[in-house]
Amino acid sequence: MISENRDAAELGIKVLKFGGSSLADAEQFRKVKSIIESDPARRYVVPSAPGKRFSGDDKVTDLLYECYSISVSGGEIDSAFEKIIERYNDIVASLGVDLDLSDEYVHIKWSIMHHAGRDYAASRGEYLNGKILAAFIGYDFIDPAAFIKFRDDGVFDAEMTNTLLSAELKHHERAVIPGFYGSMPNGTIKTFSRGGSDITGSIVARAVVAEIYENWTDVDGFLMADPRIVPHPKVIETITYRELRELSYMGAGVLHEDATFPVRLAGIPINIRNTNNPDARGTMIVPITDKYDPKTVITGIAGKKGFSVIAIEKDMMNSETGFGRKVLEAIEKEGVSFEHLPSGIDTMSVILNTAEIAESRERIINRICSTVEPDTVAVEDGLAIIAVVGRGMIKAKGTAFKVLKAVSEADINIKMIDQGSSELNIIIAVDENDFNRALVAIYNEFVG
Ligand code: ASP
């Protein structure tokens, strides 16, 4: 019990989420324990299920999904379930924790075989890991099924959850709350989408009005660019939620997309940290800051291949009221959303995701032709989009110039340029074949 009823924020509470690789085996559990114990403010801990110990290894969540599929197709889950038991027993035995999970195994296996549901099966990875971690570090165990709530339509109920969870956590000085799942109004278990323990960590941080939400993973933080393309990119020290959204949308991912919402609402920063290198400061994700590194100006670069452009030309287009609306309506009617809309006086280009128009492209073109009667309309595939993101652009002059210079010096043709009025990013499109070279050229231009 918390002895005094002080404001949680005053106590400087830290909430920690550990990802699957941080809890993949006993050695990782020991690192996690020493991280938690090195700071008394680290009071609430959200574990994932054990992840891969080496490349090619199984994630426990995947094994649980496999058990579920075997069981619904009427098969025997014995050998698949045995692998799961082995993983946990190994951790318990190597840690020397006084914990017997055999009744839990029997119950879980029986429930999976008796149709407790896919989400129930998957959630047991976090549940069991939470039991072990709580016993190992001596924290209370809290089952999120009673406090993390989804509505009947399956949507997460943020307010009800916050009320229930913050009331409950007031009774626990220190606790482990498994990630990834909660429950439906009828009590059945429901999970978030894959990687959802990030969301649970954020929900817990909001519920206790944490000073910080530490998200412990296996990298030193967000990198300025994809390391598979740019060798040894720098770690981003500070990024705002909005910048993160821009970069994640363009394919840079470490954190679940929905994980920022609960903490963002409460103005709580997230710190991405590395369990295998706890001395590194990681990346701070903050609601706002105008500080930026004047040397680099930009925060990060991300991009994706697989875009198409529909280029439409019509003489006197600019004086035809409703032209743009009709074009977009033609696309909307096929259930496709557009990515960018660079336009000239008598030309309009719509950039779309190629996969999304795979079977509707003919119909889209026909609709455009019949509603706006263009002079020409053509579709070009094979585009890559690159977003250069940075809050520093608002103040620094010449950022767009530097992007264009870098790309043109690399002898790459730019097919589209778009800078939003927020001046948070500059977006360019290049041929897919030039994608990697363009990213490297831009990175080198700004970071060197
Ligand atoms: N264990 C779940 C998954 O593999 C959730 C998580 O790790 O965040 O997706």
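Check the entry above for the structure.
Quantities reported herein were computed from a predicted structural model and do not represent experimental measurements.

Another aspect to go through is the site of the ligand. Close contacts around the ligand come from Ser-48, Lys-59, Thr-61, Glu-126, Phe-180, Arg-194, Gly-195, Gly-196 and Ser-197, and that covers them all. Between Ser-48 and the ligand, the recorded distance is 3.1 Å, taken from a side-chain N or O atom to an oxygen atom. Here the ligand has 260 Å² of accessible area as a free molecule, and 92% of this is covered by the chains. In this structure, the ligand is accommodated by the largest pocket. Among the residues forming the shell around the ligand, the class breakdown is 1 nonpolar, 5 polar and 3 charged.

An ideal rise of 1.5 Å per residue puts 16 Å on 12 residues; helix α12 (residues 361-372) measures up with 16 Å between its terminal C-alpha atoms. Listed in full, the buried residues belonging to α12 are Ile-364, Ile-365, Ile-368 and Val-372. Relative to the axis of α12, the buried residues are bounded by an arc of 95° and lie together on one face. Of the residues in α12, the exposed ones pointing more than 90 degrees away from the buried face are Glu-362 and Ser-370. Elements in contact with the buried residues of α12: β11 (300-313), α11 (323-332) and β13 (376-389). Positive phi shows up at Glu-373, right after α12, with a value of about 45°.

At a minimum axis distance of 12 Å, the contact between helix α4 (residues 78-95) and helix α5 (residues 102-113) shows a crossing angle of 150°. By the angle class used here, α4 and α5 are roughly antiparallel. Crossing of α4 against α5: the hand is right-handed. In contact with Asp-78, Phe-81, Ile-85, Tyr-88 and Asn-89 of α4, α5 contributes Tyr-105, Ile-108, Lys-109 and Ile-112. Counted by class, the contact of α4 with α5 contains 6 nonpolar, 1 polar and 2 charged residues.

Before going further, it helps to examine the sheet that holds strand β8 (residues 238-240). Taken together, 8 strands build an open sheet; the order of strands is β3-β4-β2-β1-β7-β9-β10-β8 and the sheet is mixed. Both outer strands of the open sheet, β3 (140-141) and β8, are each paired with one neighbouring strand and no more. Looking at chain direction, β3 and strand β4 (residues 175-176) are connected through 2 bridges and run parallel. Of the residues in β4, the one forming a bridge with Asp-140 is Ala-175.

This model, assessed by the stated rule, comprises 2 cavities of 30 Å³ or more. For the second largest cavity, the calculated volume is near 40 Å³. When contributions to the lining of the second largest cavity are tallied by element, the ones reaching two or more residues are α7 (158-169) and α8 (197-207). Looking at which element gives the most residues to the lining of the second largest cavity, the answer is α7, with 3 residues. Its residues placed into classes, the lining of the second largest cavity shows 4 nonpolar, 2 polar and 1 charged.

Once that is clear, we can look at the pairing of strand β2 (residues 42-47). Burial analysis of β2 places 6 of its 6 residues in the buried class, which makes it a mostly covered element. Inspection of the sheet shows strand β1 (residues 14-18) paired to β2 by 5 bridges, in the parallel sense. By the bridge assignment, Leu-16 is partnered in β2 with Val-45. Judged from the 2 bridges that link them, β2 and β4 form a sheet pairing that is parallel. Counted as the bridge partner of Tyr-44 is Ala-175 from β4.

All right, on to the pairing of strand β15 (residues 425-431) then. On any regular strand, side chains alternate: one points to one face of the sheet, the next to the other face. Most of β15 is tucked away, with 6 of its 7 residues classed as buried. Two strands pair when backbone bridges link them, and β13 and β15 are joined in this way by 7 bridges, in the antiparallel orientation. Along β15, the bridge assignment pairs Ile-386 with Ile-428. Pairing between strand β14 (residues 414-419) and β15: 5 bridges, direction antiparallel. Directly across from Met-416, in β15, lies its bridge partner Ala-429. What sits between the antiparallel neighbours β14 and β15 is a turn of 5 residues, in which Glu-423 has the positive phi angle 55°.

Definitions and cut-offs
- Residues numbered from 1 in each chain as written.
- Predicted model: local features only at pLDDT ≥ 70, side-chain atom pairs only at ≥ 80, totals over all residues.
- Heavy atoms only, no water.
- Near = heavy atom within 4 Å.
- Polar contact = N/O pair within 3.5 Å; in protein donor to acceptor, adjacent residues only side chain to side chain.
- Areas by Shrake-Rupley, 256 points an atom, 1.4 Å probe, with all protein chains shown as cover.
- 1 Å grid on protein atoms, 1.4 Å probe; cavity = no way out; pocket = protein on both sides within 12 Å on 5 of 7 lines; lining within 4 Å.
- Sits in = over half its atoms within 2 Å of the grid points.
- Nonpolar A, V, L, I, M, F, W, Y, C, P; charged D, E, K, R; others polar.
- Helix = DSSP H or I, 4+ residues; strand = E, 2+ residues; numbered from the N terminus.
- Expected span 1.5 Å × (residues − 1).
- Buried < 20%, exposed > 50% of the residue type's maximum accessible area, 1.4 Å probe, protein only.
- Arc of directions from axis to C-beta.
- Contact = heavy atoms within 4.5 Å.
- Axes fitted to C-alpha atoms, helices over the stretch in contact; angles between N-to-C directions.
- Parallel < 35°, antiparallel > 145°, perpendicular 65-115°, else oblique.
- Left-handed = near helix turned anticlockwise from the far one by under 90°.
- Pairing = 2+ DSSP bridges.
- Points joined across faces, edges and corners; volume = space filled by probe spheres on them.

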